[in-house]
Amino acid sequence: MQFTGRDLAPVTPYMALMENVTAQKAKAFEDNDLIREAAALTREFSVAKPGIYWPDFLGSALVGYIGLYFAITGSQLAIQLAGAAVAITFLYRAALFIHEITHMKRDHVPGFRWVWNFLVGIPMLIPSFTYEDTHNQHHSKMRYGTDRDPEYLPLALMKPHMLVFFMAVAALGSIGFLFRFAVLSPLSLISPWVRRETVARFSTLSINPSYRRALPEGEFRRDWIIMETGASLWSIGVLTAVAVGWIPLKAFLIYLTIVAAALVLNQVRTLVAHLWENDGEVLSVTEQYLDSVNVPPPGIMGEFWAPVGLRYHALHHLVPSVPYHALPEVHRRLAAKFGDGSNYDKANYPNLRSLLARLVASSVRGGKAA
């Protein structure tokens, strides 16, 4: 008997048979030429380069924290606003390396995961365990777009008020994460029930409210405890420092606002990462690709709202192990080989504005009750 990673429910032989039947149906529409070419490029471009990762990440974090300093200490409103804009832009970029951490082989960029957690993950209240070991389920052929996918909701089929709620959750995210690590983490030390619920419901960067996470095991459990302890101590320390006056309340609120703004920006990016038109069916690899989105050059704004390779999100679903710095070249080669009108071309879109308009129009036109 097998167990799923979602809720430890047993998988019966009948269920396994039905999954196999569904998988066969999912092969009905498959662009094998595209998949073969993508696989060949994966073999060529699968190695992450430390000489790109370290300067990009450390530079983004440094510039972001300089912006945060001026946002807090600036003597004029214009300086504070400029500092806040810089902080949001560059801390957001630094934070999105969490996506690379979930895919990279650890020996390609030694130490990167722990340095990222220390400099960005813990201070921004998103240690990497909140994404590790679950994001790969979003890439599973049998899970993508189903109720077992932590990162999928059929947003295009839901009523418009759900889009508003979707954004409101992100806006309150910094407060929610602070509560999770400052309150729920200590409580979970004394209550097994609180621990199970905290892990299941409040420990994953998930958009699927029905998703439940299993308790961590093995080496990952050890890493989780280290990261969670750091995030808990940080959260309690910050709140204590504010309470006793060591950190001015204004500075604390600016910090929370900037973290929240980065979360909102990421939520906007999430709104256009997919078309969100699948209502629980198992899709072929090609169908998963076509339900995902690339926003490639010549536009330049995509590098700001979808940095670290995420403007090539559809391509990433074809080649998930290819590091972000290689995606522009992989895209160039696939676009040149398959050309306009191909299945590869169909996942490419011009800009954020048109994608948001498409999503809202779909929701208004055919959204179902939530």
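*Asks:* How should I be thinking about the overall build of the chain in this particular structure?
*Replies:* When its secondary structure is counted, the chain shows 18 helices and two strands. For the chain, the spread of C-alpha atoms along the three principal axes comes to 65 × 50 × 45 Å. Counting only residues that meet the buried cut, the chain has 50% of its 370 residues in that class. Sequence-distant contacts in the chain: of pairs separated by 6 or more residues, those separated by 24 or more amount to 74%. About 17,700 Å² of surface is accessible on the chain, with carbon and sulfur atoms providing 66% of the total. Between the mean site of the 33 positive side-chain charges and the mean site of the 29 negative ones, the chain shows a separation of 3 Å.

*Asks:* What should I look at first to understand empty space enclosed by the protein in this one?
*Replies:* Gaps left between atoms are located by rolling a probe of water-molecule size over the structure's atoms. Under the defined criterion, the tally for this structure stands at three cavities of 30 Å³ or more. When residues in the lining of the largest cavity are grouped by element, the largest group, four residues, is from helix 18 (residues 352–366). Considering only residue class, the lining of the largest cavity consists of six nonpolar, two polar and two charged. For the lining of the second largest cavity, the residue count by class is seven nonpolar, one polar and two charged.

*Asks:* What should I look at first to understand the packing of helix 8 (residues 160–171) against helix 12 (residues 249–271) in this one?
*Replies:* Interhelical geometry of helix 8 versus helix 12 gives an angle of 150° and a closest axis separation of 8 Å. Taken as a pair, helix 8 and helix 12 cross one another with a handedness that is right-handed. Between helix 8, through Leu163, Phe166, Met167, Ala170 and Ala171, and helix 12, the contact on the second element is made entirely by Ala260, Leu263, Val264, Gln267, Val268, Thr270 and Leu271. When its residues are assigned to classes, the contact of helix 8 with helix 12 shows ten nonpolar, two polar and no charged.

*Asks:* Just to check I follow, could you spell out the pattern of salt bridges for this structure?
*Replies:* Pairing is possible between side chains of opposite charge, provided their charged atoms come close. Summed over all chains, the structure comprises 17 salt bridges. For Arg113, the salt bridge goes to Glu132, with nearest N and O atoms at 2.8 Å. Of this pair, Arg113 sits in helix 6 (residues 112–121) while Glu132 is found in the loop between helix 6 and helix 7 (135–138), placing the two residues 19 residues apart along the sequence. For the pair Arg113 and Glu132, a shared accessibility class is recorded, and that class is buried. For Asp223, the salt bridge is made with Arg113, and the minimal N-O distance between the two is 3.0 Å. Here Asp223 is found in helix 11 (residues 218–243), whereas its partner Arg113 is found in helix 6, with 110 residues between them in sequence. Side by side, Asp223 and Arg113 carry an identical accessibility label, which is buried. Overlapping salt bridges bring together Arg106, Arg113, Glu132, Glu219, Arg222 and Asp223 as one network.

*Asks:* Is there a simple way to explain unusual backbone geometry in this structure?
*Replies:* Comment: phi is negative for the bulk of residues other than glycine, and the bulk of peptide bonds are trans. Along the chain, Pro297 connects to Pro298 via a cis peptide bond; the corresponding omega equals 25°. In this structure, Pro298 sits in the loop between helix 13 (285–290) and helix 14 (302–305). Although it is not a glycine, Leu125 adopts a positive phi angle of roughly 65°. Its place among the elements puts Leu125 in the loop between helix 6 and helix 7. A positive phi angle, near 70°, is found at Asp133, a position not held by glycine.

*Asks:* Hey, could you run me through the layout of surface pockets in this one?
*Replies:* Of the pockets and cavities examined, the largest pocket occupies roughly 1,400 Å³. Along its surface, the largest pocket is lined by 49 residues, and Val169, Thr204, Leu205, Ser206 and Ile207 are the ones closest to its centre. Secondary-structure elements contributing two or more residues to the lining of the largest pocket are helix 4 (77–95), helix 5 (97–103), helix 8, helix 9 (173–188), helix 10 (192–202) and helix 12.

*Asks:* How should the packing of aromatic side chains be read in this particular structure?
*Replies:* Two measures describe an aromatic ring pair: the distance that separates the ring centres and the angle between the ring planes. Counting across every chain of the model gives 16 aromatic pairs. Pairing Phe129 with Phe181 gives two aromatic rings, centres 6.3 Å apart and planes at 85°, and the pair type is edge-to-face. Placement of Phe129 in the loop between helix 6 and helix 7 and of Phe181 in helix 9 is noted, with a sequence separation of 52 residues between them. Taking relative accessible area as the criterion, Phe129 reaches 0% and is therefore assigned buried. Classification of Phe181 by relative accessible area gives buried; the value is 1%. Here a set of aromatic residues connected by ring pairs shows up, and it is made of Tyr53, Trp54, Phe57, Phe97, Phe112 and Tyr324. Sitting over the ring of Trp114, Arg113 keeps its end group 5.2 Å from the ring centre. Sitting over the ring of Phe338, Lys337 keeps its end group 6.0 Å from the ring centre.

Cut-offs and rules
- Counting from 1, residues in each chain are numbered in the order their sequence is written.
- Thresholds applied to this predicted model are a pLDDT of at least 70 for local features of residues and 80 or more for the giving and counting of side-chain atom pairs; totals over whole chains, interfaces and linings are not thresholded and use all residues.
- Where side-chain values are given, they derive from all heavy atoms of the structure, hydrogens and water being excluded.
- The helix count covers DSSP runs of H or I at least four residues long, the strand count covers runs of E at least two residues long, and both are numbered beginning at the N terminus.
- Burial classes: relative accessible area under 20% of the type maximum marks a residue as buried, over 50% as exposed, and values in between as partly exposed (1.4 Å probe, protein chains only).
- Contacts are residue-level and defined by heavy atoms, with any inter-residue pair within 4.5 Å sufficient.
- Method for areas: the Shrake-Rupley scheme with a 1.4 Å probe, in which residue coverage is limited to the protein chains shown.
- By the counting scheme adopted, Arg and Lys are positive, Glu and Asp are negative, and His together with the chain ends is not counted.
- Charge placement uses NZ in Lys and CZ in Arg. For Asp and Glu, CG and CD serve respectively.
- Of the two site types, the cavity is a set of points on a 1 Å grid over the protein atoms alone where a 1.4 Å probe fits but cannot get out, and the pocket is an open set with protein on both sides within 12 Å along at least five of seven lines, each lined by residues with an atom within 4 Å of a point.
- Grid points are joined across faces, edges and corners, and a volume is the space filled by probe spheres set on the points.
- Side-chain classes follow a simple rule in which Ala, Val, Leu, Ile, Met, Phe, Trp, Tyr, Cys and Pro form the nonpolar group, Asp, Glu, Lys and Arg form the charged group, and the remainder, Gly included, forms the polar group.
- Convention adopted: a line fitted to C-alpha atoms gives each axis, helices being fitted over their contacting stretch, and angles between N-to-C directions are expressed from 0 to 180 degrees.
- Left-handed is the label given to a crossing in which the near helix is rotated counterclockwise from the far helix by less than a right angle, and right-handed is the label when the rotation is clockwise.
- Any carboxyl oxygen of Asp or Glu that lies within 4 Å of a side-chain nitrogen of Lys or Arg is treated as forming a salt bridge with it.
- The criterion for an aromatic pair is that two Phe, Tyr or Trp rings (for Trp, the six-membered ring) have centres within 6.5 Å, with stacked assigned to planes under 30 degrees apart, edge-to-face to planes over 60 apart and tilted to the rest.
- Here, a charge over a ring means that NZ of Lys or CZ of Arg falls within 6 Å of the ring centre while also lying within 35 degrees of the ring normal.

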